[in-house]
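Here's the letter readout for the chains.
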Amino acid sequence: MFQRYVPSELVADLFGAQRGFGVLMAATIGVPLYACGGGTIPLLIQWLADGMSLGSASAFMITGPATKITNLGALKIVLGAKHFALYLAFVALFSLVTGMLVDLVLPI
């Protein structure tokens, strides 16, 4: 659906040239859009071809599986509210730092 209806210029603008903002947007979008790892690979391939940075792709792939709704439900029960909030904060921070480092080390 994204490959068909989201213009490639929008992807390039959001995830490409503005590396820090692009990583933040990819990490944020990775939370609600993640369905499964196999389903996101073709999407990321297209987004990378359209101008997405490797750091943004990395952030997207970290936040997606880490915030899958079924996993979050189980984690909230097991960890409790305080540790669950820490988990979400760590995932967000780790994905942002990783995305920024990938963009520094492997610029396109």
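The structure this text deals with has already been given above.
The sections below set out a description of the structure shown in this document. Remember, it's a predicted structure, so these values are computed and weren't measured experimentally.

## What about the packing of aromatic side chains?
Turning to step 1, where the next piece is worked out: Evaluation of the coordinates by the stated rule reveals 2 aromatic pairs.
Turning to step 2, where the next piece is worked out: Look at W47 and F60: their rings are 5.6 Å apart centre to centre, the planes differ by 75 degrees, and that puts the pair in the edge-to-face class. Here the residue W47 occupies a position in helix α4 (residues 37–50), and F60 occupies one in helix α5 (residues 54–66), the gap between them amounting to 13 residues. Residue W47 shares its accessibility class with F60, and that shared class is buried.
Turning to step 3, where the next piece is worked out: Where F90 meets F94, the ring centres are 5.8 Å apart and the plane angle is 20 degrees; that geometry is what we call stacked. Taken together, the residues span about one helical turn, with F90 and F94 both in helix α6 (residues 69–105) at a distance of 4 residues.
Turning to step 4, where the next piece is worked out: Judged by relative accessible area, which is 43%, F94 ranks as partly exposed.

## Quick look at the nonpolar core
Inside soluble globular proteins, nonpolar side chains tend to come together where they are buried.
Turning to step 1, where the next piece is worked out: Formed by V11, F15, A26, I29, L43, L44, W47, M52, A57 and F60, the largest nonpolar core amounts to 10 residues.
Turning to step 2, where the next piece is worked out: Those elements that provide at least two residues to this core are α2 (8–15), α3 (19–33), α4 and α5.
Turning to step 3, where the next piece is worked out: Broken down by element, this core gets its largest block of residues, 3 residues, from α4.
Turning to step 4, where the next piece is worked out: Filtering out sequence-adjacent residues up to four positions away, F15 remains in contact with G22, M25, A26, I29, W47, G51, M52, S53 and S56.

## Looking at the environment of P65
Turning to step 1, where the next piece is worked out: Mapping P65 onto the fold places it in helix α5.
Turning to step 2, where the next piece is worked out: The exposure class of P65 is partly exposed, given its relative accessible area of 32%.

## As for the environment of V105
Turning to step 1, where the next piece is worked out: With respect to the secondary-structure elements, V105 resides in helix α6.
Turning to step 2, where the next piece is worked out: Between the C-alpha atom of V105 and that of L54, which follows or precedes it by 51 residues, the distance is 9.9 Å.

## Concerning the packing of α5 against α6
Each pair of packed helices can be described by the angle between their axes along with the distance between the axes.
Turning to step 1, where the next piece is worked out: α6 packs onto α5 with a crossing angle of 170 degrees between their chain directions and a minimal axis gap of 8 Å. Taken together, the axis directions place α5 and α6 in an arrangement best described as roughly antiparallel. Along the contact surface, α5 presents L54, G55, S56, S58, A59, I62, T63, P65 and A66, while α6 presents N71, L72, Y87, V91, F94, S95, T98, G99, V102 and D103.
Turning to step 2, where the next piece is worked out: Here the residues of the contact of α5 with α6 are counted per class, giving 10 nonpolar, 8 polar and 1 charged.

## Re α6
Turning to step 1, where the next piece is worked out: Over its 37 residues, α6 runs only 32 Å from end to end, short of the ideal 54 Å by more than 12%, given 1.5 Å per residue.
Turning to step 2, where the next piece is worked out: Looking at α6, one finds that the buried residues are L72, F84, V91, S95, G99, V102 and D103.

## Some thoughts on α5
Turning to step 1, where the next piece is worked out: Along its 13 residues, α5 runs 19 Å from first to last C-alpha, staying within 8% of the 18 Å computed at 1.5 Å per residue.
Turning to step 2, where the next piece is worked out: If you check which residues of α5 are buried, you get G55, S56, A57, S58, A59, F60, T63, G64 and A66.

What counts, and where the lines are drawn
- Residues numbered from 1 in each chain as written.
- Predicted model: local features only at pLDDT ≥ 70, side-chain atom pairs only at ≥ 80, totals over all residues.
- Heavy atoms only, no water.
- Phe/Tyr/Trp six-rings, centres within 6.5 Å; stacked < 30°, edge-to-face > 60°.
- Helix = DSSP H or I, 4+ residues; strand = E, 2+ residues; numbered from the N terminus.
- Buried < 20%, exposed > 50% of the residue type's maximum accessible area, 1.4 Å probe, protein only.
- Core = buried A, V, L, I, M, F, W, Y, C linked by side-chain atoms within 4.5 Å.
- Contact = heavy atoms within 4.5 Å.
- Axes fitted to C-alpha atoms, helices over the stretch in contact; angles between N-to-C directions.
- Parallel < 35°, antiparallel > 145°, perpendicular 65-115°, else oblique.
- Nonpolar A, V, L, I, M, F, W, Y, C, P; charged D, E, K, R; others polar.
- Expected span 1.5 Å × (residues − 1).

All we've got here are geometric facts, nothing functional implied.
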